[in-house]
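Secondary and tertiary structure notes
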Amino acid sequence: MDRLLRAVGGCVLAFLLVLGCVALLPRAVQAAVPDSVIGGIAMVCGALGARRMARRSR
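Brief notes about the overall build of the protein chain
In terms of helices and strands, the protein chain carries three helices and zero strands. Along the protein chain, helices and strands appear, N-terminal first, in the series α-α-α. Classification of the 58 residues of the protein chain by burial places 10% in the buried group.

Okay, structure coming up:
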């Protein structure tokens, strides 16, 4: 259960990190990037973070 909570926390952190980076971009670039791309990047970052956590706990 602890590993699951850590994985979810990693996904949330990755999502907030991606949103923060997108917020720093100029408005024209923000409008050009589709929402699905932002969500996909956040999911990939979260999956990589969860994979690192799974390896580290052994």
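There's more to say after this.
Remarks on the confidence of the model for the protein chain
Considering every residue of the protein chain, the mean pLDDT works out to 77; 88% of them sit at 70 or more. Here helix H3 (residues 35-56) stands out as the element of the protein chain with the lowest mean pLDDT, 75, in contrast to helix H2 (residues 27-32), whose mean of 86 is the highest.

Regarding a nonpolar patch on the surface
On the surface, a nonpolar cluster with roughly 800 Å² of combined accessible area is contributed by Met1, Leu4, Leu5, Val8, Val12, Phe15, Leu16 and Leu19. By the secondary structure assignment, Leu4 is in helix H1 (residues 2-24).

Quick look at the environment of Cys45
Relative to the elements of secondary structure, Cys45 occurs in helix H3. Classification of Cys45 by relative accessible area gives partly exposed; the value is 36%. The spacing of Cys45 and Val18 is 27 residues in sequence and 8.7 Å in space, taken between C-alpha atoms. Excluding residues within four positions of it along the chain, Cys45 makes contact with Ala14 and Val18.

Things to note about H1
Because an α-helix completes one turn every 3.6 residues, residues spaced three or four positions apart along the sequence face the same direction. Counted at 1.5 Å a residue, the expected span for H1 with its 23 residues is 33 Å, and the 33 Å between its end C-alpha atoms agrees. Residues of H1 that are buried: Ala14, Val18 and Val22.

Rules used in this analysis
- Residues numbered from 1 in each chain as written.
- Predicted model: local features only at pLDDT ≥ 70, side-chain atom pairs only at ≥ 80, totals over all residues.
- Heavy atoms only, no water.
- Helix = DSSP H or I, 4+ residues; strand = E, 2+ residues; numbered from the N terminus.
- Buried < 20%, exposed > 50% of the residue type's maximum accessible area, 1.4 Å probe, protein only.
- pLDDT = per-residue confidence, 0-100.
- Patch = residues over 30% accessible without salt bridge, like charges linked within 9 Å, V, L, I, M, F, W, Y side chains within 5 Å.
- Areas by Shrake-Rupley, 256 points an atom, 1.4 Å probe, with all protein chains shown as cover.
- Salt bridge = Lys/Arg side-chain N within 4 Å of Asp/Glu carboxyl O.
- Contact = heavy atoms within 4.5 Å.
- Expected span 1.5 Å × (residues − 1).

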